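Understanding the architecture of this molecule
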Amino acid sequence: MLACQSTEHRKSESAGAITPAFYHWKSTYAPTRPELERLKTLHVQKLYIHFFDVDWDARTHRPVPKAFVRFRQKPVGSVVPVVFITNRTLLNLPPAGVAELATHIAQAITQISQQNKISFGEVQFDCDWSPRTRDRYFRLLSILTKQFTCPLSATIRLHQIKYTDQTGIPPVSRGMLMLYNVADWKRVDTRNSIYDTDIANQYLSFVPTYPLPLDIVLPLFRWTVVYRHHRFLTFLNNLDRKSLANSFLAPQADSMRFIATRDTVALELSIQRGDLFRAEAVTAETLVNEKKRLLSQIQNQRITFALYHLDSTVLSAYSLETLQTLLGNGTLP
């Protein structure tokens, strides 16, 4: 059993309260002074910090850890370690290897925490599991639950909310409803893969009946998706519509798409004539409206409301008033 320090976590989540939080999804934990000031101004004392990934190594035919976080400073407040597990890891992992993987994951979380003198009262696992991998994933979570003395949570996608008969309910204490990446970014005809209200509406009516207590995370990030010959080419992070308004990109009718009019080198990319650029972001109005709608539907007595993710460039797209509205602490309706 791996001990967790959960006193601080429980104090911050008293019954009926909304706890504000941020995700930190960078390779190095070294928040800038403006980022730390934002946390203080917004009264955020809970961070979901990406610790590492677990992926499948086709060469060794084994699951391997990747992208370990490095701490340049110690986080202040309540920390939730987050481990991302690729679905292909579970597809390739033999049933006999599940217990060993659980042990290695628990040991790695504990080692990182001890080396950096970090205590935690919750561990979260992020995996877009499928009907084919749910049994192995759920068994992995069940074993990990026995290896920690604190609660486990799991990220939940919208399709896993709607199709519980196929995807099942993970054996954890809480779910973190990810209200982003709702559409297929690989498809050139997708309107906005980060968040599309029309697509979300097909799933959100199932939220009140979901059997796990749910927390919420909404997206602040923005990107531009680039296609060549109708096939996905790359992402350009933190690049919005205004940044695409230049001489070699012709805006299309929906104002979020642009077509390259000539071959050139720009935006740190070798561009060919005809390349399609689709700018994606979520407006402040949409974020605020979706928060209100979800809070009226979620049934649990306490909730963590998180934003993805802690980064000065990402935060700069939203006013302080918007962030305060999104993270404003208070009681549930």
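Please refer to the structure placed before this passage.
Note that the coordinates shown come from a computational prediction; the quantities given were computed from them, not determined experimentally.

Glancing now at the side chain of Arg228. In this structure, Arg228 sits in strand S11 (residues 223–228). A distance of 2.7 Å separates the side chain of Arg228 from the side chain of Asp275, its partner in a polar contact. Among all residues touching Arg228, those that are not within four sequence positions of it are Leu233, Ser270, Ile271, Gln272 and Asp275.

Moving on: the pairing of S11. Most of S11 sits out of view: six of its six residues are buried. The alternating pattern of S11 places Trp223, Val225 and Tyr227 on one face and Thr224, Val226 and Arg228 on the opposite face, and all of these are buried. Across six bridges, the pairing between S11 and strand S12 (residues 231–237) is antiparallel. Considered in S12, the bridge of Val225 is made with Phe235. With antiparallel pairing between neighbouring strands as the criterion, S11 and S12 make up a hairpin whose turn holds two residues, including His229 at a positive phi of roughly 55°.

With that settled, the discussion passes to the state of the cysteines. Inspection of every chain in the model, using the stated rule, returns one disulfide. A sulfur-sulfur separation of 2.3 Å characterises the disulfide bridge that pairs Cys4 with Cys150. Residues Cys4 and Cys150 are joined through a disulfide that is left-handed, its torsion about the S-S bond being -45°. Here Cys150 lies in the loop between helix H5 (134–147) and strand S8 (152–156) and Cys4 lies in the segment before helix H1 (7–11), a separation of 146 residues in the sequence.

About the cut-offs
- Residues numbered from 1 in each chain as written.
- Predicted model: local features only at pLDDT ≥ 70, side-chain atom pairs only at ≥ 80, totals over all residues.
- Heavy atoms only, no water.
- Helix = DSSP H or I, 4+ residues; strand = E, 2+ residues; numbered from the N terminus.
- Polar contact = N/O pair within 3.5 Å; in protein donor to acceptor, adjacent residues only side chain to side chain.
- Contact = heavy atoms within 4.5 Å.
- Buried < 20%, exposed > 50% of the residue type's maximum accessible area, 1.4 Å probe, protein only.
- Pairing = 2+ DSSP bridges.
- Disulfide = S-S within 2.5 Å.

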